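Chain by chain, the residues run as shown.
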Amino acid sequence: MGVEVKPCVCEADKLKQAERVEAEIISKSCEKMGNQWKVPYPWKKNPMLLPDNKPLAMKRLESTERRHKKDPEQGVAYDKQMEEMNEMKFSKKLSNEEIKNFKGPVHYIPHHAVIPPEKKSTPNQHVHRFLWRNLETEREPDVYEKTVLTFGDKPAPAMAQIALRKTAEENKKDYPEAAEVLTKNSYMDDICGSVDTVVQAQKLTGDLDKVLESEGFAVKGWTSNKVLINTENQERGFKVFQEEVE
């Protein structure tokens, strides 16, 4: 409101050849499963060539455990975060049978002191394995696999953006303004828009909420220079943040 927002459109000719190929692979292979998008992982090389690096992963785990032994408080917090990640189904502990029977490529990834919230997608889970044993260093570690896209993976932004634009495409007939905003004025986790009145802003944010919610995306809240809370979005449980701008 009161601020002109120019469309944020990444033109194809501004992308490098490798980026264009990556985007094309993701876009063509993207498919809908329920109310979410299944996004393929755009491998640069055949994942069958990845080494099973469990010995290296074991050394990394032991190094992590030594650091936490020096700082028990941090160790407890780290272990709790790993448990929460499993409870939220961001990761899954593999059974001995699953480990034994899997015949595809296997690769282990390092984990660090802070694990941010993940982006939902579908990488090859067995090449996103990791080891953890709840700081119980006297036993063999459990093997986990990531069930969502790992934070920091290079193709993550492209995968999220393509899923978002496909969401806009699917909903442009019923919500044309919201679809246009998602297509032209969104970047990474941010969606920007500008309208003339509070009523228009309430409708636009409400439509965006509905479109995104229908495809498995969750909106944390809106920031505006005017109060946007109305009966509808209060009842639907959306948190709308206001920031008064002079």
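On a predicted model such as this, the values are computed, not experimentally measured, just so you know.

1. A short note on the overall build of the chain
Summing up its helical and strand segments, the chain has 8 helices and 9 strands in all. The proportion of buried residues among the 246 residues of the chain is 36%. Considering only residue pairs separated by 6 or more positions, the chain has 62% of its internal contacts joining residues 24 or more positions apart. As presented, the chain carries roughly 16,000 Å² of accessible surface, and 53% of it is formed by carbon and sulfur atoms.

2. Details of a positive patch on the surface
A cluster of like positive charges, contributed by Lys16, Lys44, Lys45 and Lys154, occupies part of the molecular surface. Relative to the helices and strands, Lys44 is located in the loop between β2 (36-38) and α2 (54-70).

3. Considerations on the sheet that holds strand β4 (residues 129-132)
Spatially, β3-β5-β4 is the arrangement adopted by the 3 strands of the open sheet, whose pairing is antiparallel. With partners counted over all chains shown, the strands left at the sheet margins are β3 (91-93) and β4, one partner each. Strand after strand, the sheet turns through a mean of 35° between neighbouring axes, direction not considered. Two elements, β4 and strand β5 (residues 142-146), share 4 bridges in a ladder whose sense is antiparallel. Paired with Trp132 across the strands is Asp142, a residue of β5.

4. Describing the packing of aromatic side chains
Enumeration over the complete set of coordinates arrives at 2 aromatic pairs. When the ring of Phe130 is compared with that of Tyr144, the centres are 5.3 Å apart and the planes differ by 10°; the resulting orientation is stacked. Residue Phe130 is located in strand β4, and its partner Tyr144 is located in strand β5; the two are separated by 14 residues in the primary sequence. Of the two residues examined, Phe130 and Tyr144, each falls in the buried class.

5. Digging into the side chain of Asp209
Mapping Asp209 onto the fold places it in helix α7 (residues 198-214). Among the polar contacts made by the side chain of Asp209, one reaches the side chain of Trp222 at a distance of 3.3 Å.

6. Structural notes on the pattern of salt bridges
Evaluation of the coordinates by the stated rule reveals 8 salt bridges. Of the charged contacts, one joins Arg139 and Asp142 as a salt bridge, the two residues approaching to 3.2 Å between their closest N and O atoms. Note that Asp207 and Lys203 form a salt bridge whose closest N and O atoms lie 2.8 Å from each other. Of the two residues, Asp207 and Lys203 both sit in helix α7, 4 residues apart, roughly one turn of that helix. A relative accessible area of 51% places Lys203 in the exposed class. The network of salt bridges with common partners includes Lys93, Glu136, Arg139 and Asp142.

7. Concerning the nonpolar core
Grouped together as the largest cluster of nonpolar side chains are 17 residues, with contacts concentrated most on Met82, Tyr108, Phe130, Leu131 and Trp132. Looking at this core, the elements that each hand over two or more residues are α2, α3 (72-87), β4 and β5. What Trp132 contacts, discounting residues up to four positions off in sequence, is Leu61, Thr64, His68, Tyr78, Asp79, Met82, His111, Pro141, Asp142 and Tyr144. Counting 13 residues, the second-largest nonpolar core is a separate cluster that includes Val181, Ala201, Leu204 and Trp222.

8. Structural notes on the packing of helix α5 (residues 156-171) against helix α6 (residues 176-184)
Between α5 and α6, the least distance of the axes is 8 Å, while the angle of their chain directions is 160°. The pairing of α5 with α6 is recorded here as roughly antiparallel in orientation. For the crossing formed where α5 meets α6, the hand is left-handed. For the pair α5 and α6, contact is made by Leu164, Arg165, Ala168 and Asn171 and by Pro176, Ala179, Leu182 and Thr183, respectively. Looking at side-chain class alone, the contact of α5 with α6 contains 5 nonpolar, 2 polar and 1 charged residues.

9. Side note on the environment of Gly104
In this structure, Gly104 sits in the loop between α4 (96-101) and β4. According to the relative accessible area criterion, Gly104 is partly exposed, its value standing at 27%. In this structure, the C-alpha to C-alpha distance between Gly104 and Met48, residues 56 residues apart in sequence, is 7.0 Å.

10. Thoughts on the confidence of the model for the chain
Per-residue pLDDT for the chain has a mean of 77; in total, 78% of the residues score no lower than 70. Contacts from residues 9-13, a stretch scored under 50 in pLDDT, to residues over four places away or in other chains number 3 contacts. Throughout residues 114-123 the model reports pLDDT below 50, and contacts reaching past four residues in sequence, or to other chains, amount to 30 contacts.

Rules of the game
- Residues numbered from 1 in each chain as written.
- Predicted model: local features only at pLDDT ≥ 70, side-chain atom pairs only at ≥ 80, totals over all residues.
- Heavy atoms only, no water.
- Helix = DSSP H or I, 4+ residues; strand = E, 2+ residues; numbered from the N terminus.
- Buried < 20%, exposed > 50% of the residue type's maximum accessible area, 1.4 Å probe, protein only.
- Contact = heavy atoms within 4.5 Å.
- Areas by Shrake-Rupley, 256 points an atom, 1.4 Å probe, with all protein chains shown as cover.
- Patch = residues over 30% accessible without salt bridge, like charges linked within 9 Å, V, L, I, M, F, W, Y side chains within 5 Å.
- Salt bridge = Lys/Arg side-chain N within 4 Å of Asp/Glu carboxyl O.
- Lys, Arg positive; Asp, Glu negative; His and termini not counted.
- Charge placed at Lys NZ, Arg CZ, Asp CG, Glu CD.
- Pairing = 2+ DSSP bridges.
- Axes fitted to C-alpha atoms, helices over the stretch in contact; angles between N-to-C directions.
- Phe/Tyr/Trp six-rings, centres within 6.5 Å; stacked < 30°, edge-to-face > 60°.
- Polar contact = N/O pair within 3.5 Å; in protein donor to acceptor, adjacent residues only side chain to side chain.
- Core = buried A, V, L, I, M, F, W, Y, C linked by side-chain atoms within 4.5 Å.
- Parallel < 35°, antiparallel > 145°, perpendicular 65-115°, else oblique.
- Left-handed = near helix turned anticlockwise from the far one by under 90°.
- Nonpolar A, V, L, I, M, F, W, Y, C, P; charged D, E, K, R; others polar.
- pLDDT = per-residue confidence, 0-100.

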